[in-house]
Structures are given as C-alpha cells and as structure tokens.
Amino acid sequence: MKINRRKFLAITGAAAATGLAGKGAADAVDSVKKKSRPQKRWGMVVDMRKCEKENGCTKCIDACHEYHNVPDIDNQKHEIKWIWKENFHNAFIEQENNMLPEKFHHHPVLLLCNHCDNPPCTNVCPTQATWRRDSDGIVMMDWHRCIGCRYCVAACPYGSRSFNFFDPKPHIEDIQDDFPTRSKGVVEKCSFCEERLSRGGWPACVEACSAGALVFGDLDDPDSEIRQVLKENFTIRRKPELGTQPEVYYIV
Amino acid sequence: MIMYNSGKIIFGIIIFIALFSAPFWVNSLGKSEAGAPELEYPKDHSECVRDSEWMKAYHMDLLNDWRDKVVREDIRFTEFQGGEIEMSLTRSCMNCHDNKEKFCDRCHNYLDVTPYCWDCHVEPMGAKEPLFRDTKKEKVTLMKKSVEAANEDQ
C-alpha cells in the first residue's frame, strides 16, 4: 500500500485523537479522587511522671492490643507487641547512668514504634510493604505485601517490630471485627492508629490513658497541645545518636 | 493391508472411544445442569457501587483497587449515591451484604475459588456503618445517618 503525506497525517492525527479521548474517558471513569489535605507530622509524648503514678496500669496496652487483634503469646521468642513496657536502662541504653534515681529501677518505660522521620526499617524492605507516609510521617505497613523476610525487624533499632511465626488467630482472646488480624509470616507493629485517625479519632492508647500520660498531636502545628508540652518540658528520645529522628518523646 | 484380529481391535477401539467421550454424550442428554448458586441479596438496599453484572465479573479487581488506594495512597472514599462512601470490605460491602455464608461463600464454593481475604479480615459480627461524605456540604457522617438526613430533606 502506498501512503502519501496527506493520508499519513490523517491516520496519525486520528490515532492521537482517539488516544487522548480514551485517556479522558478513563480519567472520568476513575471516580476516586485524591483529596488534598494539610500536611501533618504526628508525634507522641510519653509523660513518665504521670504514667508511673498509676503503678502497674496496662490500660493503653490492653486497649491497643484488643483493638488491633494483637495475639497474646507467652513465649518471649514469639511474642507480638505494639506497645509494651521495658526497664529504663534497657529502653535508654545510651544514657549509661550508674547513678539513676531510685524510681527508674521500679517503673518501666512505655515503648512503641517511634515513627522515625528517617526510618531505617523502610529502606530495607524489598517489597515496599513498609514506608514512611509523606503526608503525616506515619511509618506504614501493608500486610498484603509483606513477604516476611524480617529485614525490617533486623533494621529497627528499637525492637518495635514483631514477626508472626505462626497463625496468630488461636492466640487472640476476643477477635474484634473492625480490624483485620494478621497471618503467619507477616511482620507487624504500631501504626499510630492511622485507621482511627483517618476517621477523625485518636489513637486507642491515648484514648485509654486516664492519667493523661500520653499526649498525641501534630508536631508541625506550633499551637498544638503536644508542641506546648514539648515547649514546657525537657524530653529525651530513644537512641537519638543513630539519626533516625524518633517522633516519640519522653518526659522522665 | 492385512490386519490381524481386526474384529476384536475395531470393537475395542469403538468401546474405548465410547467410554472416553462419555462425559460429552452423557451431558448432551441434558441431565448435566449444575444449577446456579442461590445467593441471598440484601433486602433493604438496592444500589451497589457498581451494577451487579459488572460486580459479578470484576469485584475482585475493585477490592484490589480499594485495598491499594486505602492502604498505600490514603484515599478513603469512592463515589456513591451522589456523595462518597468509605472504601472498606468489612464496613461498606458487608454492611449491605451482611451474610458472608449465603453470599460470598456460596458463589466461591460453587466456583471452587478460595480467596484469602478472610485469612486476616474478620467477618463483621455486628454491622459497622461505613462513613459517608456529602460532597456538597463537605460533611462526613455514618451511612445510616446520611440516609436518614436525606429522607428528612424530602
């Protein structure tokens, strides 16, 4: 077939027009639009002065673990934890203080995922199943994608990640239907309750704490409660020398 | 061409072909209908996010799309009934299709497919209402409340 210039231009023009029209139609069909929302950076302050007054209280841990279907496994090698207690000298190794005040020997510190600004766990994930969300700084997990390689468990300097060595469901006392469970071979950790935040709620641990020891809020908002607390109190963070920029602050 | 024992061999071949093709000619007698699975559709809801023919064929793609949008892109709502409804398998889909046994399972069993949604996701034990966003008023309420509000407006 011989093609002349006019025919060639007509064919290419028609092809381009169909392509553009097709793209426009596809855009219209895709009804889900991305809503822009103000930039945030979620953070938390743990006020140990208030926490240690409630000796032996586990309200925040219970609330979190119940809401998120976190299994209760006795064996320490297999345990799953999102928020837990640890001795001060284990939690803050870098403090290296032999002359700690007496109270630090008796009152464990509350630990959870620090939702680092510079998280080492996300860089090592081969499937992008974990990442730091730019819009609010939460270190997210996609359990659909996790292949259970446990690189992130090794990379996290805070021990915030747990691995499901077996099906967790038999170890969940009362399965809640509003949050999925996990399956065997998946890593899990605290998510700052991003699913509750998206519905306008507050993290389960913060809501459960009756002592007001957990302050949660937007670190980018200078008028937020958390910024006021940080302004008025001296706070420490876990292993700041690593440069991970943890977003969980402690008043001790 | 000489064929020894031709009678027995041809007879054998005919028997073999008859038995081998048995499924085809037994079915052609018309007794083969397996019947479509009987599904229980929601009684007090008539509208889905897509029409039912599309959903029959592509609901798994829709769910995958919702999953990626919600988990990875933080996009939570999709267009529905003039507003937007929360994208959630357990909250939105199963708010109407509240009987997994008689809806999801019946068809999946019939087709012998085992989706792994339920390895982790928990079948709702009491209907959790999905969120509904009125795009005109920019108001987010529970689905039931938005229906009630719409009824009051009329």
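Predicted model only: the values in this text are computed from it and were never measured.

What counts as what
- One numbering rule holds for all chains: residues counted from 1, following each sequence as written.
- The order in which chains are written sets their letters, starting at A; the order in which ligands are written sets their numbers, starting at 1.
- Local features are withheld for residues below a pLDDT of 70 in this predicted model, meaning they are given only at 70 or higher, and side-chain atom pairs are given and counted only at 80 or more; totals for whole chains, interfaces and linings count all residues.
- Neither water nor hydrogens contribute to the side-chain values; these are computed over all heavy atoms in the structure.
- Secondary structure follows DSSP: runs of H or I at least 4 residues long count as helices, runs of E at least 2 residues long count as strands, and numbering of each begins at the N terminus.
- Only protein chains enter the calculation, and the probe is 1.4 Å; a residue is then buried if its accessible area is under 20% of its type maximum, exposed if over 50%, and partly exposed in between.
- Residues belong to one nonpolar core when they are buried, are Ala, Val, Leu, Ile, Met, Phe, Trp, Tyr or Cys, and are joined through side-chain atoms within 4.5 Å.
- Between any two strands, pairing holds if DSSP finds at least two bridges.
- To obtain each axis, a line is fitted to C-alpha atoms, and for helices this fit is confined to the stretch in contact; angles are then taken between N-to-C directions over 0 to 180 degrees.
- Contact definition: two residues touch when any of their heavy atoms are within 4.5 Å.
- Defined here as a combined quantity, buried area equals the accessible surface (1.4 Å probe) lost by two parts on assembly, summed across both.
- When a carboxyl oxygen of Asp or Glu is within 4 Å of a side-chain nitrogen of Lys or Arg, the pair counts as a salt bridge.
- Contacts described as polar in this section are N or O atom pairs within 3.5 Å, which, within protein, must combine one atom able to donate a hydrogen with one able to accept it, while residues neighboring in sequence count only if both atoms come from side chains.
- Taken from the helix axis, the directions to the C-beta atoms give the arc we talk about.
- Each patch is assembled from residues with relative accessible area greater than 30% and no salt bridge, linking like charges that lie within 9 Å and nonpolar side chains (Val, Leu, Ile, Met, Phe, Trp, Tyr) that lie within 5 Å.
- A 1.4 Å probe and the Shrake-Rupley method give the accessible areas. Residues count as covered only by the protein chains that appear here.
- In summary, the charge assignment counts Lys and Arg as positive and Asp and Glu as negative, without counting His or the chain termini.
- Note that the charge is assigned to NZ on lysines, CZ on arginines, CG on aspartates and CD on glutamates.
- On a scale of 0 to 100, pLDDT captures the predictor's confidence in every residue.

1. Examining unusual backbone geometry
Thought 1: One non-glycine residue with positive phi stands out, namely A:Asn69, at about 55 degrees.
Thought 2: For A:Asn69, the location among the structural elements is in the loop between helix H3 (59-67) and strand S2 (83-86).
Thought 3: We note that B:Asp74 has phi near 60 degrees; this positive angle belongs to a residue other than glycine.
Thought 4: By the element assignment, B:Asp74 lies in the loop between helix H3 (52-73) and strand S1 (77-80).
Thought 5: Residue classification places B:Asp74 among the buried residues on the basis of a relative accessible area of 10%.

2. Observations regarding the side chain of A:Asp136
Thought 1: Structurally, A:Asp136 can be placed in the loop between strand S4 (130-132) and strand S5 (139-141).
Thought 2: What makes A:Asp136 buried here is its relative accessible area of 7%.

3. Section: the nonpolar core
Thought 1: A:Met44, A:Phe192 and A:Tyr250 are the most contacted members of the largest nonpolar core, which totals 41 residues.
Thought 2: Grouped together as the second largest cluster of nonpolar side chains are 10 residues, A:Cys121, A:Cys125, A:Met141 and A:Cys146 included.

4. A closer look at the sheet that holds strand S9 (residues 248-251) of chain A
Strand pairing within a sheet occurs via backbone hydrogen bonds; the two strands may be parallel or antiparallel.
Residues and elements named next belong to chain A.
Thought 1: Within the open sheet, the three strands sit side by side as S8-S1-S9. Their pairing is mixed. If you trace the sheet from one side to the other, it starts and ends with strand S8 (214-218) and S9, each paired once. Going across the sheet, the axis of each strand differs from the next one's by a mean of 20 degrees, ignoring polarity.
Thought 2: Where strand S1 (residues 42-47) lies against S9, four bridges are found, and the strand directions are parallel. Looking across to S9, one finds that Asp-47 is bridged to Ile-251.
Thought 3: Against the sheet, helix H9 (residues 225-232) engages S1, S8 and S9, with an angle of about 115 degrees to S8.

5. Structural notes on the interface of chain A and chain B
Thought 1: The partner chain B presents 28 residues to the 32 residues of chain A that form the contact.
Thought 2: A combined buried area of about 2,500 Å² lies between chain A and chain B, and 46% of that area is made up of carbon and sulfur atoms.
Thought 3: On the surface where chain A and chain B come into contact, there are five salt bridges.
Thought 4: Between A:Arg199 and B:Glu86 there is a salt bridge, with its nearest N and O atoms 2.6 Å apart.
Thought 5: Applying the counting rule to chain A against chain B returns nine residue pairs in polar contact (both at pLDDT 80 or more).
Thought 6: Taken together, the elements giving at least two residues each to the side of chain A that touches chain B come down to S5 and helix H7 (194-198) of chain A.
Thought 7: For the side of chain A that touches chain B, the leading source of residues is H7(A), giving three residues.

6. Comments concerning the sheet that holds strand S2 (residues 83-86) of chain B
All names here are of chain B.
Thought 1: The four strands are arranged S1-S2-S3-S4 in an open sheet whose pairing can be described as antiparallel. The sheet is open, and its two borders are formed by S1 and strand S4 (139-142), each paired with just one other strand. Pairs of neighbouring strands in the sheet enclose a mean axial angle of 30 degrees, with direction left out of account.

7. Side note on H3(A)
Residue and element names in this part refer to chain A.
Thought 1: Among all positions in H3, only Cys-60, Ile-61, Cys-64, His-65 and Tyr-67 are buried. The buried side chains of H3 occupy one side of the element, clustering within an arc of 165 degrees when seen end-on.
Thought 2: Close packing links the buried residues of H3 with S2, strand S3 (109-112), H7, helix H8 (204-208) and S8.
Thought 3: Downstream of H3 by one or two residues, Asn-69 has phi in the positive range, about 55 degrees.

8. Topic: a negative patch on the surface
Residues and elements named next belong to chain A.
Thought 1: A cluster of acidic side chains, namely Asp-62, Glu-66, Asp-72, Asp-74, Glu-173 and Asp-174, defines a negative patch on the protein surface.
Thought 2: You can see Asp-72 is positioned in the loop between H3 and S2.
Thought 3: What makes Asp-72 exposed here is its relative accessible area of 61%.

9. Describing the pattern of salt bridges
Between side chains of opposite charge, a pair can form as their charged atoms come close.
Thought 1: Using the criterion set out here, one finds 24 salt bridges over all chains in the structure.
Thought 2: With a shortest N-O distance of 3.3 Å, B:Asp105 and B:Lys100 are connected by a salt bridge. One exposure class covers both B:Asp105 and B:Lys100, and it is buried.
Thought 3: Within this structure, A:Arg41, A:Asp117, A:Arg132, A:Asp220 and A:Glu247 form a network of salt bridges that share partners.

10. Description of the pairing of S2(B)
Residue and element names in this part refer to chain B.
Thought 1: Note that S1 and S2 share four bridges and pair antiparallel. Within S2, the position partnered with Glu-79 by the bridge is Glu-84.
Thought 2: Between S1 and S2, which pair antiparallel one after the other, the connecting turn spans two residues, and Gln-81 there sits at a positive phi close to 45 degrees.
Thought 3: Where S2 lies against strand S3 (residues 131-134), two bridges are found, and the strand directions are antiparallel. When the bridges of S3 are listed, Ile-85 appears paired with Phe-132.

11. Overview of the confidence of the model for chain A
Thought 1: For chain A, the average pLDDT comes to 90, and 92% of its residues sit at 70 or higher.
Thought 2: For residues 28-35 of chain A, every residue scores under 50 in pLDDT, and the model assigns this stretch 15 contacts once sequence neighbours within four places are set aside.

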